[in-house]
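Observations on the model geometry
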Amino acid sequence: MEKFSDKLRAFALAMALHVACILALLVGLWWTHESRPVSMPGPVIEATLIGPTAAPKARAGAQKPTPAKPEPPKPEPPKPEPPKPQSQPEPPKPETQTPNELQRQNQVDQERVAALAQEKAEQEKREQEEKVRQKQVELDEKQRKLREEQQKQLADIRKQREDAEKKVKQASDALAQMEDRNQKAAAQAQPEAEHEAEQATTGAGGQDNDLTARYAAAIQAAVTNNWNRPDNASAGLRCVLNIAQIPGGDVISVTIGSPCNADPVTRTSIEQAVMKAAPLPYQSYEKVFQRNIKFTFRFDG
């Protein structure tokens, strides 16, 4: 903060400097002023003075011709007025400022600086807001693309799920048809199995035709339900199976006996059906259970 004495000293120095400049200007004007001689315009007149002693001699001599009268002098042109010295403009006098005016000027300068700083701050704020808006636009664009990608993936997943459900339904329909065919085949094979089981001996050494027939029908149904029938298997199929099992129905081995009118692929599928059906029916059939049984597999279409 400047003191009042410092301001007063600066003011006095400024006044002294201005006074010195004015004095130097006046001295320069006086120094450049020059006096010019007065010149009279018109021709120069020459004259010969004749003294008193020369007159008689002139009379005695030959009479000289009288000189011609001199022409009257031409009127003198008007004297040009000497150029007036041009007054040079005085330099602008410095304005003297009082301490209050200096303080007011400083306040104005401070306000101007503050206004410039505020304008710069507002400009930076606008630039920052523009950057934020641009980033928000880019973020919205990325989110839009992400949503589109997610919707596309969801559509693919829905399509895959619909395809899978369609395949499951087709498989379920095929399985239901297969079970229906197996049940029909088991129903057709049951009377023949009961007829063949009439001669089978029970585990107790006696005859139990009804239980043996049910046991044979149960084995036929279990193997048929687990049989993956080849496309070339035709109706009227008859194959004798030799099955080795243990108590509980677990199958140890199975072989195709004779007669068998099936091709090699169908024979393999029948053997696999027996292994898949394991364990074979055992509970409630303990009386008629045998480790080695001969079983005739039938397929009537």
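Located above this text is the structure these notes cover.
Here's a quick rundown of the structure. (Residues numbered from 1 in each chain as written. Predicted model: local features only at pLDDT ≥ 70, side-chain atom pairs only at ≥ 80, totals over all residues. Heavy atoms only, no water.)

A word on the sheet that holds strand β1 (residues 237-245)
The strands that make up a sheet are held in pairs by hydrogen bonds between backbone atoms, and each pair lies either parallel or antiparallel. Operational definition: One requirement defines pairing of two strands: DSSP has to find at least two bridges between them. Each helix is a run of DSSP H or I of at least 4 residues and each strand a run of E of at least 2, with the numbering of both proceeding from the N terminus. Axes here refer to lines fitted to C-alpha atoms; in helices the fit is confined to the stretch in contact. Angles between the N-to-C directions go from 0 to 180 degrees. Throughout, a residue-residue contact means that at least one pair of heavy atoms, one from each residue, lies within 4.5 Å.
Taking strand neighbours across the sheet as the criterion, the 3 strands line up as β2-β1-β3 in an open arrangement whose pairing is antiparallel. With partners counted over all chains shown, the strands left at the sheet margins are β2 (251-260) and β3 (292-299), one partner each. For this sheet the average axis-to-axis angle between neighbouring strands, irrespective of direction, equals 30 degrees. Pairing of β1 with β2 involves 6 bridges; the strand directions are antiparallel. Paired with Ala244 across the bridge in β2 is Ser253. On top of the sheet, helix α5 (residues 264-277) reaches β1, β2 and β3; it is set at about 145 degrees to β2, its chief contact.

Observations concerning the environment of Thr255
Take Thr255: it is sitting in strand β2. In this structure the C-alpha to C-alpha distance between Thr255 and Asn242, which are 13 residues apart in sequence, comes to 5.2 Å. If we skip the residues at most four places from it in the chain, Thr255 touches Val240, Leu241, Asn242 and Glu271.

Focus: the nonpolar core
The following threshold applies: For this analysis, a nonpolar core means a set of buried residues of the types Ala, Val, Leu, Ile, Met, Phe, Trp, Tyr and Cys, connected via side-chain atoms within 4.5 Å. To sort residues, take the accessible area from a 1.4 Å probe on protein chains only and compare it with the maximum for the residue type: under 20% means buried, over 50% means exposed, and anything in between is partly exposed.
Judged by nonpolar contacts, the single largest core of 29 residues is most densely connected at Val223, Trp227, Leu237, Leu241, Ile243, Ile270 and Phe297. If you list the elements that add at least two residues to this core, you get α4 (209-225), β1, β2, α5 and β3. For this core, the element with the highest residue contribution is α4, accounting for 6 residues. Once residues lying within four places of it in the same chain are set aside, the contact partners of Val223 are Ala273, Val274, Ala277, Phe295 and Phe297.

A few points about the state of the cysteines
A covalent bond between the sulfur atoms of two cysteines is referred to as a disulfide. Where we set the bar: Any cysteine sulfur atom paired with another within 2.5 Å is treated as part of a disulfide.
Here the structure, examined in full by the defined rule, presents 1 disulfide. Residue pairing for Cys239: its cysteine sulfur links by disulfide to Cys260, the two sulfurs lying 1.9 Å apart. Taking the sign of the S-S torsion, about 55 degrees here, the bridge from Cys239 to Cys260 comes out right-handed. Of this pair, Cys239 sits in strand β1 while Cys260 sits in strand β2, and the two are 21 residues apart along the sequence. In this structure, Cys239 and Cys260 share a single accessibility class: buried.

Notes on the pattern of salt bridges
For the record, the criterion: Put simply, a salt bridge is a Lys or Arg side-chain nitrogen that is within 4 Å of an Asp or Glu carboxyl oxygen.
Throughout the structure, instances matching the rule amount to 6 salt bridges. Between Asp109 and Arg112 there is a salt bridge, with the nearest N and O atoms lying 3.0 Å from each other. Linking Asp109 with Arg112, this pair stays in helix α3 (residues 99-196), spanning 3 residues, or about one helical turn.

What to know about the packing of aromatic side chains
Formally: Aromatic pairs are defined between Phe, Tyr and Trp rings, using the six-membered ring for Trp, whenever the two ring centres lie within 6.5 Å; interplanar angles under 30 degrees are classed as stacked, those over 60 as edge-to-face, and all others as tilted.
Going through the model one piece at a time under the given rule, you end up with 4 aromatic pairs. A ring pair is formed by Trp227 and Phe297, whose centres lie 5.2 Å apart and whose planes are at 80 degrees; its orientation type is edge-to-face. In this pair, Trp227 is assigned in the loop between α4 and β1 and Phe297 in strand β3, connecting sequence segments 70 residues apart. The pair Trp227 / Phe297 is uniform in exposure class, with both members buried. In this structure an aromatic cluster arises from ring pairing among Trp227, Phe297 and Phe299.

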